[in-house]
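Fold and geometry: a report
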Amino acid sequence: MRAVICREFAPRAELTLDDVPAPTPGADDVLIDVAACGINFFDGLMVEGNYQTKPDRPFSPGSEVAGIVRAVGSDVTTVTPGDRVLAFTGTGGYAEQAVAPARSVHPIPDSMRFEQAAGFVITYATSHHALNDRAALQAGETVLVLGAAGGVGLTAIEIAKQMGARVIAAASTDEKLDLCRTHGADETINYTNDDLRTRLKEICGKTGVDVVYDPVGGGMAEAAIRSLAINGRYLVIGFASGDIPKIPLNLLLLKQSSLIGVFWGAFARANPDLNAANMAELFDWFQAGHLNPHIGGEYPMDRYAEALDAVMERRAQGKVVLTMPGAELNKRTPE
């Protein structure tokens, strides 16, 4: 099979597209013919050795795939060959075939395209876990989403709205904010042109925001924390800006607020049953039309470098996916 390979931790320009042996599933594994693979910011960090997870080399990046089950291990009973699925693979996704543990493989609704499914699991599951499990978001509360037009940002808007919250979307351009409004944002802030704290005071008054969802880090973090309501929660999702902020902890004391780390992958591995229940709820919301995955870019496999650059340089709106050359797979996607 063909796969994008990282042989040593190095700049992402050193990735190569090679012919390699196809993977073999173990007893608890599922082998998937990949139709599409989601691209995430941490893929670039991982190949450069800058992510908290450092896989053995060589490896193929890519942690979420969608496609058709080709084979299952002897102990697998949850899916069968021919099923349409998405999976969290950890690594190995930029490839024509991928292996995932059965607990991380989920059959997808008939109405879900492979391209949507490939960008679904990490973004939507992260936002659901963050807002539901970690922040305990309540109907009527106000949520500020930073980097709101990105892959996880748009899912946070949709899920917060589904949970009954008021959503303020913050992003760097008016074009991005237009997209946020189409996904349900009630208020928007262009933090290139406007001071974030000043605009939040205008929108929220003295009350502040109950939950901050931050996948960006960097210079916006302190202003967002200063804008928290009493008993507010600040969700640490990631650091797409490349800058891990240093927060004066007295701000949390004064607001009686909480700084909460969100690491969905670790949660899913430690709590497979809870994660499966969360995924089932997300699929129900999708089928009911409450979730609308936005694919901001589809790239064929041989343009993997362009696709990854679009994500790492923060040019993407919504999700970016790689599509594999298996035309027969795509014919099996429902109309």
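Counting starts from 1 at the beginning of each chain's written sequence and moves along it residue by residue. In view of the model being predicted, local features appear only for residues whose pLDDT reaches at least 70, and side-chain atom pairs are presented and counted only at 80 or more, with totals across whole chains, interfaces and linings using the full set of residues. Only heavy atoms go into the side-chain values, all of them from the structure, while hydrogens and water stay out.

1. Brief notes about the overall build of the protein
Think of it this way: any DSSP run of H or I at least four residues long counts as a helix, any run of E at least two long counts as a strand, and we number them from the N terminus. Of the regular secondary structure elements, the protein holds 12 helices and 15 strands. For 335 residues, the compact-globule estimate of 2.2 N^0.38 gives 20 Å, and the protein sits close to it at 20 Å. Going through the 335 residues of the protein one by one, you find that 56% of them count as buried. Any two residues having at least one pair of non-hydrogen atoms within 4.5 Å are treated as being in contact. Counted over contacts in the protein with a minimum sequence separation of 6, partners at least 24 positions apart contribute 69%. The Shrake-Rupley method, run with a 1.4 Å probe, gives the accessible areas here. Residue values count only the displayed protein chains as cover. Element-wise, carbon and sulfur atoms account for 48% of the exposed surface of the protein, whose accessible area totals about 14100 Å². The globule rule used here is 2.2 Å times the number of residues to the 0.38 power, and the radius of gyration it is set against is calculated over C-alpha atoms. Categorising residues by exposure relies on relative accessible area from a 1.4 Å probe, with only protein chains included: less than 20% of the type maximum marks a residue as buried, more than 50% marks it as exposed, and the intermediate range marks it as partly exposed.

2. Re the state of the cysteines
Two cysteine sulfur atoms form a disulfide, by the criterion used here, when they sit within 2.5 Å. On inspection of all chains with the given rule, the structure shows 0 disulfides. Cys180 forms no disulfide, and the closest cysteine sulfur to it belongs to Cys204, at a distance of 16 Å.

3. Observations regarding the pattern of salt bridges
By definition, a salt bridge exists where a carboxyl oxygen of Asp or Glu is found within 4 Å of a side-chain nitrogen of Lys or Arg. Applying the stated criterion to the full structure yields 18 salt bridges. Glu115 is the salt-bridge partner of Arg113, the closest N and O atoms lying 3.1 Å from each other. Overall, Arg113 belongs to the partly exposed group, its relative accessible area being 34%. For Glu115, a relative accessible area of 11% puts it in the buried group. Across the pair Arg226 and Glu222 runs a salt bridge whose closest N-O atoms are separated by 2.9 Å. Highlighted residues: Arg226 and Glu222, both in helix H7 (residues 220-226), separated by 4 residues, approximately one helical turn. Under the relative-accessibility criterion, Glu222 is labelled partly exposed at 29%.

4. Focus on the sheet that holds strand E13 (residues 258-261)
Any two strands with at least two DSSP-identified bridges between them are counted as paired. Judged by pairing direction, the sheet is parallel, and its 6 strands sit side by side in the order E10-E9-E8-E11-E12-E13 without closing on themselves. One side of each edge strand has no neighbouring strand; the edge strands of this open sheet are strand E10 (187-190) and E13. Shown here is a sheet whose adjacent strand axes are inclined to one another by a mean of 20°, direction ignored. As judged from the 3 bridges shared by strand E8 (residues 142-145) and strand E11 (residues 209-214), these two strands associate in the parallel manner. Of the residues in E11, the one forming a bridge with Leu144 is Val212. Only the stretch in contact is used when fitting a helix axis, every axis being a line fitted to C-alpha atoms; angles between N-to-C directions are given from 0 to 180 degrees. Strand contacts of helix H3 (residues 121-134): E8, E11, strand E12 (228-236) and E13, with the helix running at about 150° to E11, the strand carrying the most contacts.

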